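# Reading the structure
One-letter residues, chain by chain:
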Amino acid sequence: PPVIAEFAQDEAARLGVDPAMIAIPCLAVCAAAIDDRFVLQAKAHDTEWRESARLWVAIVAEPGDKKSPALAKAIRPLREVEYACIDEDRQA
């Protein structure tokens, strides 16, 4: 999606990594944020096989290639939402 592409390009330029190191984890973060109650029926005539959103990714690079900082950039927006929800719960 364009919003992820723009975010990945911007953050990757600041961090000095390939944009894929930001974009791919962003897609996994988006999949993780989808409620498990949302499912897909993979086959039109097989009503018993349903899958929730899961996306497994791996960033493979040499030590020191900024994998952890790139992952942290991808996770940051979801963490901000999570912390806001925690604060709301505490106040309630």
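The model shown is predicted, which means the values in this text are computed figures rather than measured ones.

## Concerning the pattern of salt bridges
- Counted under the stated rule, the structure contains 8 salt bridges.
- As a salt-bridge pair, K73 and E11 come within 3.3 Å of each other at their nearest N and O atoms. Residue K73 is located in helix α3 (residues 67-91), and its partner E11 is located in helix α1 (residues 2-15); the two are separated by 62 residues in the primary sequence.
- By relative accessible area, which is 3% here, E11 ends up buried.
- Its salt-bridge partner being E11, residue R76 comes within 3.5 Å of it at the nearest N-O pair. A residue pair is termed long-range when its members are at least 10 positions apart, and R76 in helix α3 and E11 in helix α1 qualify at 65 residues.
- Residue classification places R76 among the partly exposed positions, given a relative accessible area of 33%.
- Via salt bridges that share partners, D10, E11, R14, K73, R76 and E80 belong to a single interconnected network.

Parameters and conventions
Residues numbered from 1 in each chain as written. Predicted model: local features only at pLDDT ≥ 70, side-chain atom pairs only at ≥ 80, totals over all residues. Heavy atoms only, no water. Salt bridge = Lys/Arg side-chain N within 4 Å of Asp/Glu carboxyl O. Helix = DSSP H or I, 4+ residues; strand = E, 2+ residues; numbered from the N terminus. Buried < 20%, exposed > 50% of the residue type's maximum accessible area, 1.4 Å probe, protein only.

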